[in-house]
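Fold and geometry: a report
Listed below are the residues making up each chain.
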Amino acid sequence: MDINGKEIASHIKEGLKTQISEWRQKGYRAPKLAVVLVGHDSASEIYVRNKEKACTQIGIENLLIKKEADISEAELLGLIDELNEDDSVDGILVQLPLPGHIDEMKVIERISPLKDVDGFHPDNIARLFLNHEGLFPCTPKGVMTLLDEIHYGLAGKEVVVVGRSNNVGKPIAMLALHRNATVTIAHSKTQDLASVCRRADVLIVAVGQCELIGKDFVKPGAVVIDVGMNRDAKGKVHGDVHYEEVAPLASYITPVPGGVGPMTVAMLMKNTLEAYMRRNQVK
Ligand code: GUN
């Protein structure tokens, strides 16, 4: 059965919208998200537009700051300092990737952890690792929320995460571990990937390889979460999972598009509200 991420994300955003409108009625200001876009990468422009649209939908003020690709690292760091100091800004997101002459980690580290709505700052990563309160990466949060929506308890289950990126694979594994799953992280060097994947009660794939996961990788009845978004020559988006092959085997599967993708944006909105609440002591 499909897990309809688009619909779930839409419900979540409705809830956040209600929450914001209640705060506004009590006299609080609207939450504000600053998005910094450097250069003209076409995928980044689409992502930023989607984030802007979601903000407008639910009543978050969106401050989009566009800079040319030749901005110096020092100037970008200066901009982040300004946004950190601006009390009206609750969340700061610098769209990645950045041009090659800018050190991404240096930029991420400059963002105040309290405004780091991507959850990429090392302080927030440490909090995630320690199972302490913090701002956590949006896609991993979105994946866990999808599992909650189908009332799937992870305790004692075999979770296989394919992909070990800092922003997706590793944090998903950590969140699943905190829910008492037995977690395996597989990656490009894993031997006999198919047999490792076949162990999974929950198979989560985030490698960015079009339709890598076919029917031989999936145990009948498994839950399959596809984080992949691979664009073909015609601009059509495909997942990391071969949907037609795997869907008949899986108990649940996320389609691409319309699965994990919309959840990432919904979780960004949720993180912005969490940052707002913590910074303004709003309950
Ligand atoms: N580029 C692609 N995905 C993301 C994301 O989640 N956050 C940021 N900042 N940049 C991205």
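Before going into details, it helps to say that this report is about the structure given with it. (Residues numbered from 1 in each chain as written. Predicted model: local features only at pLDDT ≥ 70, side-chain atom pairs only at ≥ 80, totals over all residues. Heavy atoms only, no water.)

1. What about the overall build of the chain?
The secondary structure content of the chain amounts to 10 helices and 10 strands. Over its C-alpha atoms the chain spans a radius of gyration of 19 Å, differing by no more than 12% from the 19 Å that the globule rule assigns to 283 residues. Projected onto its principal axes, the C-alpha positions of the chain cover 50 × 45 × 40 Å. Evaluated residue by residue, the chain yields a buried proportion of 49% over its 283 residues. Restricting to contacts in the chain with at least 6 residues of sequence separation, those with at least 24 account for 70%. In the structure as shown, the chain presents an accessible area of about 13500 Å², 50% of it carried by carbon and sulfur atoms. Averaged over its 33 positive side-chain charges, the chain has a centre that lies 3 Å from the centre of its 38 negative ones. (Helix = DSSP H or I, 4+ residues; strand = E, 2+ residues; numbered from the N terminus. Rg over C-alpha atoms; globule rule 2.2 N^0.38 Å. Buried < 20%, exposed > 50% of the residue type's maximum accessible area, 1.4 Å probe, protein only. Contact = heavy atoms within 4.5 Å. Areas by Shrake-Rupley, 256 points an atom, 1.4 Å probe, with all protein chains shown as cover. Lys, Arg positive; Asp, Glu negative; His and termini not counted. Charge placed at Lys NZ, Arg CZ, Asp CG, Glu CD.)

2. Re the layout of surface pockets
Taken as a whole, the largest pocket encloses approximately 1500 Å³ of empty space. For the lining of the largest pocket, the secondary-structure elements that each account for two or more residues are helix H1 (5-25), helix H2 (42-58), strand S3 (91-94), helix H6 (138-149) and helix H10 (260-280). Among the elements that take part in the lining of the largest pocket, H2 stands out by supplying nine residues, more than any other. In terms of residue class, the lining of the largest pocket is made up of 26 nonpolar, 14 polar and 10 charged. The calculated volume of the second largest pocket comes to roughly 360 Å³. Along its surface, the second largest pocket is lined by 17 residues, and Ile125, Asn166, Asn167, Lys170 and Pro171 are the ones closest to its centre. Looking at the lining of the second largest pocket, the elements that each hand over two or more residues are helix H4 (104-110), helix H5 (122-130), helix H7 (169-178) and strand S5 (182-186). If you tally residues by element for the lining of the second largest pocket, the top one is H7, at five residues. Considering only residue class, the lining of the second largest pocket consists of 13 nonpolar, two polar and two charged. (1 Å grid on protein atoms, 1.4 Å probe; cavity = no way out; pocket = protein on both sides within 12 Å on 5 of 7 lines; lining within 4 Å. Points joined across faces, edges and corners; volume = space filled by probe spheres on them. Nonpolar A, V, L, I, M, F, W, Y, C, P; charged D, E, K, R; others polar.)

3. Some words on a positive patch on the surface
Together, Lys6, Arg49, Lys53 and Lys66 make up a positively charged patch on the protein surface. Note that Lys6 resides in helix H1. By relative accessible area, Lys6 is classed as exposed at 58%. (Patch = residues over 30% accessible without salt bridge, like charges linked within 9 Å, V, L, I, M, F, W, Y side chains within 5 Å. Salt bridge = Lys/Arg side-chain N within 4 Å of Asp/Glu carboxyl O.)

4. Thoughts on the packing of H2 against H10
The N-to-C vectors of H2 and H10 enclose an angle of 55°; their axes lie 10 Å apart at closest approach. Looking at the two axes, H2 sits oblique to H10. You can see that H2 and H10 cross each other, and the crossing is right-handed. For the pair formed by H2 and H10, the contact residues are Asn50, Lys51, Ala54, Cys55 and Ile58 on the first element and Val265, Leu268 and Met269 on the second. (Axes fitted to C-alpha atoms, helices over the stretch in contact; angles between N-to-C directions. Parallel < 35°, antiparallel > 145°, perpendicular 65-115°, else oblique. Left-handed = near helix turned anticlockwise from the far one by under 90°.)

5. Details of the packing of aromatic side chains
Counted according to the given criterion, the structure contains one aromatic pair. An angle of 35° between the planes, with centres 4.9 Å apart, marks the rings of Trp23 and Tyr276 as tilted. In this pair, Trp23 sits in helix H1 while Tyr276 sits in helix H10, placing the two residues 253 residues apart along the sequence. (Phe/Tyr/Trp six-rings, centres within 6.5 Å; stacked < 30°, edge-to-face > 60°.)

6. Things to note about the site of the ligand
Around the ligand, a shell composed of Leu93, Val94, Gln95, Leu96, Asp118 and Phe120 is seen. Between the ligand and Val94, the relevant distance is 2.8 Å, taken from a nitrogen atom to a main-chain nitrogen or oxygen of the residue. Interatomic distance of 2.6 Å between a side-chain N/O atom of Asp118 and a nitrogen atom of the ligand. A majority-of-atoms criterion places the ligand in the largest pocket. (Near = heavy atom within 4 Å. Polar contact = N/O pair within 3.5 Å; in protein donor to acceptor, adjacent residues only side chain to side chain. Sits in = over half its atoms within 2 Å of the grid points.)

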